[in-house]
Amino acid sequence: MRIKEEIGMNNSTGILMVEAIELIKRYDNIYLVSHVQPDGDNIGSTLALAKAIEKFKGGIKVIKVDDIPSDYQFLPGIDMIKNYDINEPIDLLISLDSSDLNRLGLGKEFARKAKRVINIDHHITNDNFGDINIVSPSSAATGEIVYEFIKKMAVDIDKDIATCLYTAISTDTGSFIYSNTTYKTHLIVAELLKVGIDVETININLYQNRSMARTKLFIDSMNSLETYLEGKVGVIAVTQEMLKAYDAKMEDTEGLISFVRGIDSIEVACLLKEIDKNEVKVSLRSKKRIDVSRICNKFNGGGHIRAAGCTINERLPVTKDIILEEILMNFR
Ligand SMILES: [Mn+2]
């Protein structure tokens, strides 16, 4: 009993969840959406909530706003993510794991059309774009909030839902080692394991499934590593040319930046992803003291203290200079 109480979030979050569930009961045309460039928390928490609402009242639609990386194709309910016509009636849009409307890609248009928007997220930079905002920056993953939400709905967490939630929480905590991991994280995951999910298979799918193309991309980009401040800052880059050479996609860079942060001297790791000639996506990770969400905020990006990102519309070498200057300033 005591454990159940401890997992629960604070009162105001609970009230917001009750209000959100009332909207789910009231409306017919309900859509779920998450951000572009989907990750495990995005897809896992979306499918978990989709399956729960399916059990709760049925008729839920999940909007596809980007391609699904191959790592997550094993997830139960992955086929629920589809293209939908913006001209269909839409009453309620539930956004997951997205800090602002722009991150939703074409989901933004659905948000504009919807009568109500529920915003469920854990990014500290969330701008509360919803009519109901269930935003909990202390949660390691949106999957943790969705776990609470499904409990509030009084929907039974079955193996499929638990598999999706485990994936969401495991990926956003780097397999439960990042600083966002709390005792609540472990309590929730303990509840998920109780359901009898196949953790071994999930972990092989998530972490022991790297293609050879991706491995070669890793080796090549690690060769581009440059360090600054006596090895405290590490920068690597992935160019379009490299992707072409290994027939890889930008999503294949997943895990690269953690590898750089794993170097003993590194405090800030930076990955530069060349999307286009004049568009570079910057990913930052820190180890102990630098708040990288503050750095990314300056360039209209966002994220978390130890993991953040932004986009800079410059050529790759120029972007490197701009972001490096900002990073180095944070060490003063
Ligand atoms: Mn997340």
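About the criteria used
- Residues numbered from 1 in each chain as written.
- Predicted model: local features only at pLDDT ≥ 70, side-chain atom pairs only at ≥ 80, totals over all residues.
- Heavy atoms only, no water.
- Helix = DSSP H or I, 4+ residues; strand = E, 2+ residues; numbered from the N terminus.
- Buried < 20%, exposed > 50% of the residue type's maximum accessible area, 1.4 Å probe, protein only.
- Contact = heavy atoms within 4.5 Å.
- Areas by Shrake-Rupley, 256 points an atom, 1.4 Å probe, with all protein chains shown as cover.
- Lys, Arg positive; Asp, Glu negative; His and termini not counted.
- Charge placed at Lys NZ, Arg CZ, Asp CG, Glu CD.
- Arc of directions from axis to C-beta.
- Axes fitted to C-alpha atoms, helices over the stretch in contact; angles between N-to-C directions.
- Left-handed = near helix turned anticlockwise from the far one by under 90°.
- pLDDT = per-residue confidence, 0-100.
- UniProt positions renumbered as here; feature names shortened; annotations may be inferred.
- Donors = N, O, S within 2.8 Å, 3.2 Å for Na, K, Ca; no water.
- Pairing = 2+ DSSP bridges.

A. Local environment of the overall build of the protein. For the protein, the helix and strand inventory stands at 13 helices and twelve strands. Taken along the three principal axes of its C-alpha coordinates, the protein extends 55 × 45 × 40 Å. Relative to its 332 residues, the protein shows a buried fraction of 52%. Contacts spanning at least 24 positions in sequence make up 66% of the contacts within the protein whose residues lie at least 6 apart. Split by element, the accessible area of the protein, about 15,500 Å² in all, is 48% carbon and sulfur. Distance from the positive charge centre (41 side chains) to the negative charge centre (48 side chains) of the protein: 2 Å.

B. A look at helix 9 (residues 212-222). Looking at helix 9, one finds that the buried residues are R214, L217, F218, S221 and M222. All buried residues of helix 9 lie within an arc of 125° about the axis, which places them on one face of the element. In helix 9, the exposed positions angled more than 90 degrees off the buried face are occupied by M212 and I219. Where helix 9 is buried, its residues touch strand 8 (233-238), helix 10 (240-246) and helix 11 (256-261).

C. Just the packing of helix 2 (residues 11-26) against helix 5 (residues 142-153), in detail. For the pair helix 2 and helix 5, the least separation of the axes is 10 Å and the interaxial angle reads 65°. Crossing of helix 2 against helix 5: the hand is right-handed. Seen from helix 2, the contacting residues are G14, M17, V18, A20, I21 and I24; seen from helix 5, they are I145, E148, F149, K152 and M153.

D. The confidence of the model for the protein, seen in detail. When the pLDDT values of the protein are averaged, the result is 95; 97% of them are 70 or greater. Every residue in residues 1-6 is under pLDDT 50, and counting partners more than four places away or in other chains gives six contacts.

E. Local environment of the UniProt feature "domain: DDH" (unreviewed entry) in the protein. The UniProt record annotates "domain: DDH" (unreviewed entry) at residues 29-169. Across residues 29-169, helical content stands at 33% and strand content at 18%; the span's end C-alpha atoms are separated by 28 Å.

F. Looking closely at the coordination of the manganese ion. Distances from the manganese ion to its protein donors, namely D41 (OD), D97 (OD), H122 (NE2) and D172 (OD), fall within the range 2.1 to 2.3 Å. For the manganese ion, the single-chain donor residues occur in sequence as D-x55-D-x24-H-x49-D. One end of the pair, D41, is in helix 3 (residues 40-56); the other, H122, is in the loop between strand 5 (116-121) and strand 6 (132-135), with 81 residues separating them in the sequence. Neither residue differs from the other here; D41 and H122 are each classed as buried.

G. Region of the structure containing the sheet that holds strand 9 (residues 268-276). Spatially, the six strands line up as an open sheet ordered 7-8-9-10-12-11, and their pairing is mixed. Here the strands that pair on one side only, and so sit at the sheet edges, are strand 7 (226-228) and strand 11 (302-303). Here strand 11 pairs with strand 12 (residues 307-312) via two bridges, running antiparallel. Within strand 12, the residue paired with G302 across the bridge is G309. Packing against the sheet, helix 13 (residues 316-329) makes contact with strand 7, strand 8, strand 9, strand 10 (279-286) and strand 12, and its axis sits at approximately 155° to strand 9.

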